[in-house]
Structures are given as structure tokens and as C-alpha cells.
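Structure at a glance
Take a look at the letters that make up each chain.
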Amino acid sequence: MIRWTSRAAPCIRPIGAERSAECAAIHATSFAYPWHEADFEQLFVASGTFADGAIEAKEEHLAGFVLSRVAAGEAEILTIAVAPEWRRRGIATSLLAPHMAGLAAIRVDRLFLEVDAENSAARALYARFGFEQVGERKAYFRTAGARLAGALVMRRDLL
Ligand SMILES: CC(C)(COP(=O)(O)OP(=O)(O)OC[C@H]1O[C@@H](n2cnc3c(N)ncnc32)[C@H](O)[C@@H]1OP(=O)(O)O)[C@@H](O)C(=O)NCCC(=O)NCCS
């Protein structure tokens, strides 16, 4: 489903600590309790972190990213976010497909994530990729206004 319009279509490629500030900026537009640049720097240097970014072609800006942590043959998507101006144009889809293929290529057999039960956009995205609910955590995410939202634990077999 590629739907990026235009000459400035992003390309998908692995990213590292050099993109920490941009990841933090996109995260801040996406979540009530954003991670800071230093949080991303730490994640990027930690072993087992794999991240892919959608790099907008014109200015080489980051349009979105997905970041996972691998341990003992399993992986967890820690975060995925797309800059608001790039949403609903196929960026997350274009990120997830090669990201999952890359994890499978290093013999990761199961991929997990936790999603806010009220996040219908993300839930629709994960359903499209074949994730299935395998658990639920009550009062898990802090939302704006300090209300706690439940999380669904999702799993997708890769091998
Ligand atoms: C969730 C998110 C990553 C989706 O990124 P995106 O690039 O807009 O997603 P895509 O364009 O690839 O959309 C793929 C599919 O996901 C679903 N989807 C995406 N956004 C949606 C929305 N706002 N409402 C309903 N479904 C949506 C649709 O099924 C969509 O396919 P369609 O456009 O053909 O209907 C983006 O909305 C985002 O960054 N949100 C804030 C951060 C977040 O919630 N991350 C997930 C945390 S678990």
C-alpha cells in the first residue's frame, strides 16, 4: 500500500543515535508522556535495539520511525510514530513491513507490543499486519490528564 505522494517520498532505512533529537520531536507530537532525546540516545546505544526510519527525500528529515528491542529470539516494538503531517499516507505501513522482515532475517520468531486499548489508529494498523491480542494490562498507560488507559498485549509470529 504505498501512498506517499510526491517527489519527496520518504525512503526507509535503519537509523541510529544521530536521529535521537528527531525521534524525540516526533514522539512529543504523538504521546502524552514523550521520551526525551537522551532516552532515545540510550536506547540506540543499547544492545538489541533495532530501528528503522522514514527519511523524507527533499530535506532528509525524519518523517516517522519504529524502534524494537530484541532479546532471546523475541522482539518488542517499543515505539512507532509518524509525524502528524505525514500520517495516513502509508508511512507506518512502509516502516513495519521491512522492519518485521529484518527481525525475521535475524531469526526473531515472535514480535510483541503493547497498545493503548483506545488507540484505534494503531490497533487498525496492527490488525492489518496480523497482530493478535494475547493479553491485557489494566490501567497501564498514563494519558493526557493523568487518566490511566488499559493496554492490549499483541503478538505476531514472524517465522
Ligand atoms: C498509528 C500511526 C503510527 C499510524 O501511522 P500512519 O503512517 O498514519 O499509518 P498508515 O498511513 O500506514 O496507515 C495504515 C493503516 O492503519 C490504520 N490507520 C492509520 N491511521 C488511522 C486513523 N487515524 N484512524 C483509523 N485507522 C488508521 C488504517 O487501517 C490505515 O490504512 P488505510 O489508510 O488504508 O485505512 C500514527 O497515527 C501515529 O504516529 N500515531 C501516534 C503514535 C501512536 O499512536 N503510535 C502507536 C503506539 S502503540
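Above: the structure in question.
This report concerns the structure included in the present document.

Basis of the calculations
All residue numbers refer to position in the chain's written sequence, counted from 1. Selection of residues for local features in this predicted model requires a pLDDT of at least 70, selection of side-chain atom pairs for listing and counting requires 80 or more, and totals for whole chains, interfaces and linings are taken over all residues. Heavy atoms from the whole structure form the basis of all side-chain values; hydrogens and water molecules are not counted. Within this scheme, the nonpolar core is defined by two criteria: the residues are buried Ala, Val, Leu, Ile, Met, Phe, Trp, Tyr or Cys, and they are joined through side-chain atoms within 4.5 Å. Under the scheme applied here, a residue whose accessible area is under 20% of the maximum for its type counts as buried, over 50% as exposed, and between as partly exposed, the area being computed with a 1.4 Å probe on protein chains only. Helix and strand labels come from DSSP, where a helix needs a run of H or I of at least four residues and a strand needs a run of E of at least two; each type is numbered from the N terminus. Any two strands with at least two DSSP-identified bridges between them are counted as paired. Where helices are involved, their axes are fitted lines through C-alpha atoms of the stretch in contact, as for all axes, and angles between N-to-C directions lie from 0 to 180°. Residues are called lining when one of their atoms sits within 4 Å of a cavity or pocket point, these points coming from a 1 Å grid over the protein atoms alone, where a cavity is a set in which a 1.4 Å probe fits but cannot get out and a pocket is an open set with protein on both sides within 12 Å along at least five of seven lines. Grid points are joined across faces, edges and corners, and a volume is the space filled by probe spheres set on the points. Any residue outside Ala, Val, Leu, Ile, Met, Phe, Trp, Tyr, Cys, Pro, Asp, Glu, Lys and Arg is labelled polar, Gly included; the first ten of those are nonpolar and the last four are charged. Here a residue-residue contact requires only that any non-hydrogen atoms of the pair lie within 4.5 Å. Working definition: residue near molecule or strand if any one of its non-hydrogen atoms lies within 4 Å of it. In protein, a polar contact means a hydrogen-donor-capable atom and an acceptor-capable atom, both N or O and within 3.5 Å, with residues adjacent in sequence counting only if both atoms are side-chain atoms; elsewhere, any N or O pair within 3.5 Å suffices. Throughout, the Shrake-Rupley method with a 1.4 Å probe supplies accessible areas, and for residues the shown protein chains are the sole cover considered. Think of it this way: if more than half of a molecule's atoms are within 2 Å of a pocket's grid points, that molecule is in the pocket or cavity.

Further remarks concern the nonpolar core. Nonpolar side chains tend toward joint burial in soluble globular proteins. With 42 residues, the main nonpolar core has Leu-96, Tyr-126 and Phe-131 as its most contacted residues. Of all the elements, helix H3 (residues 91-105) adds the most residues to this core, at 7 residues.

So, on to the sheet that holds strand E4 (residues 74-82). To summarise the sheet geometry, strands pair through backbone hydrogen bonds and adopt either a parallel or an antiparallel arrangement. In space, the 7 strands of this open sheet follow the order E1-E2-E3-E4-E5-E7-E6, with mixed pairing throughout. Since the sheet does not close on itself, it has two edges, and those belong to strand E1 (11-14) and strand E6 (132-142), each with one partner. Direction aside, neighbouring strands of the sheet carry axes that sit 25° apart on average. Judged from the 7 bridges that link them, E6 and strand E7 (residues 148-157) form a sheet pairing that is antiparallel. Pairing of Gln-133 across the sheet is with Met-154, part of E7.

Space inside the largest pocket adds up to approximately 1300 Å³. If you trace the largest pocket, you find 39 residues lining it, with Phe-31, Ile-80, Asn-119, Ala-122 and Tyr-126 closest to the centre. Taken together, the elements giving at least two residues each to the lining of the largest pocket come down to E4, H3, strand E5 (110-116), helix H4 (120-128) and E6. With 7 residues, the top contributor of residues to the lining of the largest pocket is E4. Broken down by class, the residue content of the lining of the largest pocket amounts to 23 nonpolar, 7 polar and 9 charged.

If you trace the backbone, His-27 turns up in helix H1 (residues 20-28). Residues in contact with His-27, not counting those within four places in the same chain, are Tyr-33, Pro-34, Trp-35, Phe-40, Phe-65 and Thr-79.

Moving on: the site of the ligand. Around the ligand there are 23 residues in total, and Val-82, Arg-88, Gly-90, Thr-93 and Asn-119 lie nearest to it. At a separation of 2.9 Å, a nitrogen atom of the ligand approaches a polar backbone atom of Ile-80. Asn-119 has a polar side-chain atom sitting 2.7 Å from an oxygen atom of the ligand. With the chains in place, 81% of the 910 Å² that the ligand exposes on its own is no longer accessible. Here the ligand occupies the largest pocket. Counting residues per element, the ones that place at least two in the shell around the ligand are E4, H3, E5 and H4. Here the shell around the ligand is composed, by residue class, of 13 nonpolar, 4 polar and 6 charged.

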